[in-house]
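# Residue-level structural notes
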Amino acid sequence: MSKYNMHILVCGGTGCLSSQSNLIVENLERYIKEANMENQVQVLKTGCFGFCEKGPIVKILPDNTFYVQVKPEDVEELVKEHVIKGRRVDRLLYQDPTTSEHVEDSKHMDFYKKQQRVALRNCGFIDPDNIEEYIARDGYAALGMALSMSTQEVIDEVKKSGLRGRGGGGFPTGLKWEFASKNAADQKYVVCNADEGDPGAFMDRSILEGDPHSIVEAMAICGYAIGATKGLVYIRAEYPLAVNRLQTAIRSAREYGLLGKNILGTDFEFDIEIKFGAGAFVCGEETALIHSMEGMRGEPTTKPPFPAASGYWGKPTNVNNVETLANIPVIFLKGADWFASIGTEKSKGTKVFALAGKINNVGLIEVPMGTTLREVIYDIGGGIKDGKKFKAVQTGGPSGGCLTEEDLDTPIDFDNLIAKGSMMGSGGMIVMDEDDCMPAVAKFYLEFTEEESCGKCTPCRIGTKRLSEILSKIVSGKGTEEDLEILKELSQVIRDTALCGLGQTAPNPVLSTLNKFEDEYIAHVREKRCPAGQCSALLQYKITDKCIGCTACARVCPVNAITGAVKAKHTIDQEKCIKCGACMEKCKFKAIVKE
Amino acid sequence: MSCESCTNELTKSLYLELEKFINELPEKRGALISVLHKAQSLFGYLPKEVQVFVGKKLGVPVSQVYGVVSFYSFFTMLPKGEHPISVCLGTACYVRGADKVLDAFKKELGIEIGETTPDGKFSLDALRCVGACGLAPVVLIGDKVYGRINTADEVRKILSEY
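Since this is a predicted model, take the numbers as computed values, not measurements. (Residues numbered from 1 in each chain as written. Chains lettered and ligands numbered in written order. Predicted model: local features only at pLDDT ≥ 70, side-chain atom pairs only at ≥ 80, totals over all residues. Heavy atoms only, no water.)

### Thoughts on the overall build of chain A
Helices and strands together make up the secondary structure of chain A, namely 24 helices and 19 strands. Scaling as 2.2 N^0.38, a compact globule of 595 residues should have a C-alpha radius of gyration of about 25 Å, and chain A matches this with 27 Å. Each principal axis of the C-alpha atoms in chain A carries an extent, and together these give about 90 × 65 × 40 Å. Taking all 595 residues of chain A together, 59% fall into the buried category. Excluding contacts between residues fewer than 6 apart, the proportion of contacts in chain A whose partners are at least 24 apart in sequence is 69%. Accessible surface computed for chain A: about 23200 Å², of which carbon and sulfur atoms make up 49%. Distance between charge centroids for chain A: 4 Å, based on 71 positive and 81 negative side chains. (Helix = DSSP H or I, 4+ residues; strand = E, 2+ residues; numbered from the N terminus. Rg over C-alpha atoms; globule rule 2.2 N^0.38 Å. Buried < 20%, exposed > 50% of the residue type's maximum accessible area, 1.4 Å probe, protein only. Contact = heavy atoms within 4.5 Å. Areas by Shrake-Rupley, 256 points an atom, 1.4 Å probe, with all protein chains shown as cover. Lys, Arg positive; Asp, Glu negative; His and termini not counted. Charge placed at Lys NZ, Arg CZ, Asp CG, Glu CD.)

### Structural notes on the domain arrangement of chain A
Residues and elements named next belong to chain A. Entries for chain A in the domain assignment read domain 1 (6–108), domain 2 (131–338), domain 3 (350–433), domain 4 (438–526) and domain 5 (540–594). Just the C-alpha atoms count here: the centres of domain 1 and domain 2 sit 34 Å apart. Of the residues lining the interface, eleven residues belong to domain 1; the matching set on domain 2 comes to eight residues. Both sides together, the interface formed by domain 1 and domain 2 hides about 570 Å², and carbon and sulfur atoms give 50% of it. (Domains from an automatic or database assignment. Buried area = accessible area lost by both parts, 1.4 Å probe.)

### So, the pattern of salt bridges
One side chain can pair with another of opposite charge once the charged atoms of both are near each other. Applying the stated criterion across every chain yields a total of 55 salt bridges over all chains. Lys315 of chain A is paired through a salt bridge with Asp186 of chain A; the nearest N and O atoms lie 2.9 Å apart. Of this pair, Lys315 of chain A sits in the loop between α12 (286–293) and β10 (317–321) while Asp186 of chain A is found in the loop between α8 (173–182) and β7 (189–194), placing the two residues 129 residues apart along the sequence. Across the pair Glu405 of chain A and Lys389 of chain A runs a salt bridge, and its minimum N-O distance is 3.7 Å. Here Lys389 of chain A lies in the loop between α15 (373–380) and β13 (390–395) and Glu405 of chain A lies in the loop between β14 (401–404) and α16 (414–419), a separation of 16 residues in the sequence. Where salt bridges share partners, they join Glu53 and Lys385 of chain A together with Arg96 and Arg148 of chain B into one cluster. (Salt bridge = Lys/Arg side-chain N within 4 Å of Asp/Glu carboxyl O.)

### Structural notes on the sheet that holds strand β12 (residues 363–368) of chain A
All names here are of chain A. One open sheet accounts for five strands, arranged β12-β11-β15-β13-β14; its pairing is mixed. At either margin of the open sheet sits one strand with a lone partner, and together these are β12 and β14. Across the sheet, the axes of successive neighbouring strands diverge by a mean angle of 30°, strand direction being ignored. The pairing of β13 with strand β15 (residues 428–433) spans five bridges and is antiparallel. If you follow Ala392 over to β15, its bridge partner there is Met432. In the packing of helix α9 (residues 203–210) onto the sheet, contacts are made with β11 (350–357), β12 and β15, and the angle to β11 comes to roughly 115°. (Pairing = 2+ DSSP bridges. Axes fitted to C-alpha atoms, helices over the stretch in contact; angles between N-to-C directions.)

### Re the pairing of strand β1 (residues 6–11) of chain A
Residue and element names in this part refer to chain A. Most of β1 is tucked away: six of the six residues are buried. On β1, burial covers both faces: Met6, Ile8 and Val10 on one face and His7, Leu9 and Cys11 on the other are all buried. Bridge analysis of β1 against strand β2 (residues 41–46) gives six bridges, and the strand direction is parallel. The partner of His7 across the bridge, within β2, is Gln42. Here β1 pairs with strand β3 (residues 58–61) via four bridges, running antiparallel. Within β3, the residue paired with Val10 across the bridge is Val58.

### Observations concerning the packing of helix α10 (residues 212–226) of chain A against helix α11 (residues 240–255) of chain A
Residues and elements named next belong to chain A. The geometry of α10 relative to α11 is characterised by a closest axis approach of 9 Å and an angle of 55° between their N-to-C directions. Between α10 and α11, the interaxial angle falls into the category oblique. The two elements α10 and α11 cross, and the hand of that crossing is right-handed. Here Pro212, His213 and Val216 of α10 come into contact with α11, specifically with Arg245, Leu246, Ala249, Ile250, Ser252 and Ala253. Here the residues of the contact of α10 with α11 sort into six nonpolar, two polar and one charged. (Parallel < 35°, antiparallel > 145°, perpendicular 65-115°, else oblique. Left-handed = near helix turned anticlockwise from the far one by under 90°. Nonpolar A, V, L, I, M, F, W, Y, C, P; charged D, E, K, R; others polar.)

Here is the structure:
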């Protein structure tokens with residue numbers, strides 16, 4: 001690092017790459033070379049900065065200048081002004097939405113102020129493809145420390161930290177390791193669950209893309225603790241970039257003697273293999289995941305036996321999620337006491353959330369457990385898009401529930417979320433505003449679980465289908481009040497009788513929206529009205545007095561439902577109208593309204 | 001293998017390559033999913049003949065191969081179009097109007113999810129989350145990501161690029 005006096009970090013996460021951040025890197029390298037400064041300025045493609053809303057992000061060190069929404073054609077100016085003349089390019093700086101002032105560096109951005117980055121500590125700081133950058137930030141030192149301890153001491157350290165599984169269940173990680181360690185066998189396995197299936201959550205992908213070595217190191221530590229020599233990463237085939245970076249990381253770790261035989265001069269042996277998923281949400285469940293790794297249909301089996309006793313090919317197996325593992329090296333570097341000092345009484349450390357939906361700052365954030373929803377949505381997330389009113393936030397994805405305005409000041413941790421009828425899940429947070437119809441949201445999630453149900457047990461296979469059918473009926477205006485009772489009863493039955501976590505939690509979005517927004521359901525079934533104005537079957541398109549009779553709408557209507565003389569106000573035949581919205585889109589005079 | 005595929009030199013070389021991949025596996029046990037990934041990357045899809053071939057080479061009943069192929073959404077038994085279109089229907093895209101984007105594609109192309117246009121140019125699929133939620137709603141055409149698509153006009157504009 002010493003020979004360069006300036007580092008330009010360009011985000012190479014999936015979001016920014018989709019907005020041509022690759023070209024930005026190429027252009028930077030070209031203009032810097034033209035200025036003969038390639039020995040003074042280093043250009044790095046890093047992992048995700050988290051501020052995806054304003055990507056592509058370019059950050060310049062040492063002064064932390066934070067440029068947003070940079071286009072490849074902005075690079076010439078950036079190099080000539082900032083790099084050569086040392087003058088910031090104001091128009092590319094982040095503009096504070098409340099004060100409209102340019103914010104010069106990331107340390108003063110509200111988005112970052114309340115964050116504490118532990119699992120994401122290296123994302124956006126290092127070149128993920130370069131093992132030496134990871135080592136320079138104390139990488140693999142935790143493995144060295146662990147190897148000098150006894151296996152029980154390693155497990156005790158993790159137990160003392162209070163770390164709980166970040167994939168959804170929240171089971172104490174140290175305890176899980178202890179179970180696997182106590183089951184004697186000729187072969188044991190460490191599995192990293194990177195089958196991130198919750199739609200709208202992308203923290204695991206970002207960690208693998210931005211800091212793959214932390215996962216390699218954590219898996220090796222776990223291998224040592226439980227007595228396993230083999231690690232497997234089960235990853236979605238839909239994440240090609242993460243796969244690629246992980247492969248590079250494993251290869252470099254082998255070259256540096258950090259994987260393989262006699263790691264760091266000890267007797268410890270460990271190696272990692274990658275297994276591909278093929279798109280099945282249920283494979284996030286550990287027994288289903290193990291069957292999928294064995295090349296079979298990813299159907300779950302009853303527990304016990306737990307994987308810690310009989311997992312991959314019947315051997316003791318420890319399955320941890322990516323974010324859980326990313327915390328492991330820090331626990332050793334800074335100590336379990338330090339880790340346990342962050343968070344709430346029963347939820348220690350930090351949690352990564354993927355903020356998405358109707359929020360100003362979409363992105364990946366990491367906050368201490370116990371941070372309130374209000375801080376996350378308003379301080380970090382910058383509030384609701386287009387000045388609309390906050391309605392609800394769905395946490396825990398298809399297995400979770402929604403939190404509303406009255407929950408804004410609840411400290412977020414595992415137990416509080418469950419008490420509020422939702423769950424932590426993997427950390428997806430989908431923000432919804434006044435325009436979102438809650439029965440329609442519940443239907444969206446149930447269609448998802450219906451499609452993703454593996455079909456093995458009846459409550460889930462048939463129950464989710466029935467739930468989704470009843471919800472369809474309600475949003476299309478054909479529901480009855482009796483349907484609401486059936487929804488509740490059926491949800492309870494599925495919750496009590498389904499085989500695995502997917503089925504047991506599938507009714508959560510229904511129960512939670514019914515509980516908090518029962519009035520919306522009642523409006524749908526009793527008055528055949530959608531208060532949010534989203535359910536098209538319950539809406540009528542109407543032509544107002546703004547109509548000048550241009551006939552454009554009548555010509556575009558696919559069912560000839562619009563009539564009227566030229567230069568006179570038109571009318572829509574509600575019997576014929578199929579509510580496609582083509583007329584409203586076509587009207588230049590905003591004379592067609594939906595109500 | 002049907003007789004047609006025997007005479008087709010291109011298909012024959014694909015089968016040879018798949019066979020080589022299978023023979024070079026360090027262990028055949030549990031390899032079914034990785035073999036199917038390889039097969040789909042070679043053939044573009046997994047027709048019955050390919051499934052029979054995989055089953056025979058791995059010593060696995062074809063019923064089991066079919067069971068796995070039909071279980072996972074990544075595997076397809078129908079050929080994709082030249083430009084496969086995937087509309088993200090993840091939650092973040094959904095609340096930002098992905099269902100309307102999907103409808104616009106259906107209307108423009110005249111096909112439903114899982115179908116291919118008669119000229120073989122486009123196929124339409126829905127997928128769950130590419131993790132580019134900052135760009136929602138998102139559409140993938142081949143490997144190219146299109147973000148923040150809001151109107152039917154934008155859909156038409158994107159299609160006109162192909």
